[in-house]
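Working through the structure, step by step
One letter stands for each residue in the lines below.
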Amino acid sequence: MRSETSNETRLREDICRFGRSLFERGLTPGSSGNISVKIDDGGWLVTPTNASLGFLDPAKLSRLDRGGRLVSGDAPTKEVPLHAALYDTRGSARAIVHLHSTHSVALTMLPEIDPRAALPPMTAYYLMKCGATALVPYYRPGDPAVADAIKGLAGKYSSVLLANHGPVVAGDTLEAAVFATEELEETAKLYLLLRGMNPRYLSPEQVTDLVKVFGVALPEQGHQ
Ligand SMILES: [Zn+2]
């Protein structure tokens, strides 16, 4: 039992440390964005409602049981259904990061975006960390209907963009989810920088090579 307790203490500190880092670099403003991490008993830790990721208190994080009920801490973010849906469909996910990061949000409003491959294969690291990224339609924040949209992706995507809202990214660890979210934001920034300039993306052969060498998992419809 001692190891579980110290593990939870470490996870609480990690959520606050990564949250502060994301906030201080301008990756999610004000009290936007939220982070969750699964704990060993099947429950999870999640950032509270109206909390800035820059100023989180480890002791006040919301602790939910495996059914999503609040066990201790402040009331959880109203975007819990978003996290729950991604956990439900991505069995290996242990952490989820959701931000209102500027370039990723901007990308969702462009008319040409393919909802099954929101970004072209621009860099190797984007493919390795994010795979393909899905785009789901706009929902009011906290609308439980967003869960159905996420479930409709059938767990094929670890990175999802919510239209006019922001990215939500799952990872095997909190660090992996944070790094993938950062990679998504930087790739969205590259896309916007190059839009209309006829850039040269990775070729299908180069993508196939990455899939082979690094085991990149791409949904069937992504990056054709
Ligand atoms: Zn949000």
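Structure: see above.
Report on the accompanying structure. (Residues numbered from 1 in each chain as written. Predicted model: local features only at pLDDT ≥ 70, side-chain atom pairs only at ≥ 80, totals over all residues. Heavy atoms only, no water.)

The next subject is unusual backbone geometry. Here the phi dihedral of Asn-164 falls at roughly 55 degrees; this positive angle occurs in a residue that is not glycine. Relative to the elements of secondary structure, Asn-164 occurs in the loop between strand 7 (159-162) and strand 8 (166-171). Given the relative accessible area of 44%, Asn-164 is considered partly exposed. With a phi close to 55 degrees, Asn-198 is a non-glycine residue in the positive phi region. Looking at the element boundaries, Asn-198 is found in the loop between helix 6 (174-194) and helix 7 (204-214). Using a relative accessible area of 74% as the deciding quantity, one classes Asn-198 as exposed. (Helix = DSSP H or I, 4+ residues; strand = E, 2+ residues; numbered from the N terminus. Buried < 20%, exposed > 50% of the residue type's maximum accessible area, 1.4 Å probe, protein only.)

A word on the pattern of salt bridges. A complete count under the given rule lists 11 salt bridges for this structure. Residue Glu-186 is joined to Lys-189 by a salt bridge in which the shortest nitrogen-to-oxygen separation is 3.5 Å. With Glu-186 and Lys-189 both in helix 6 and three residues apart, this pair spans about one turn of that helix. Judged by relative accessible area, which is 38%, Glu-186 ranks as partly exposed. Through salt bridges with shared partners, a single network forms among Glu-8, Arg-12, Asp-41 and Arg-63. (Salt bridge = Lys/Arg side-chain N within 4 Å of Asp/Glu carboxyl O.)

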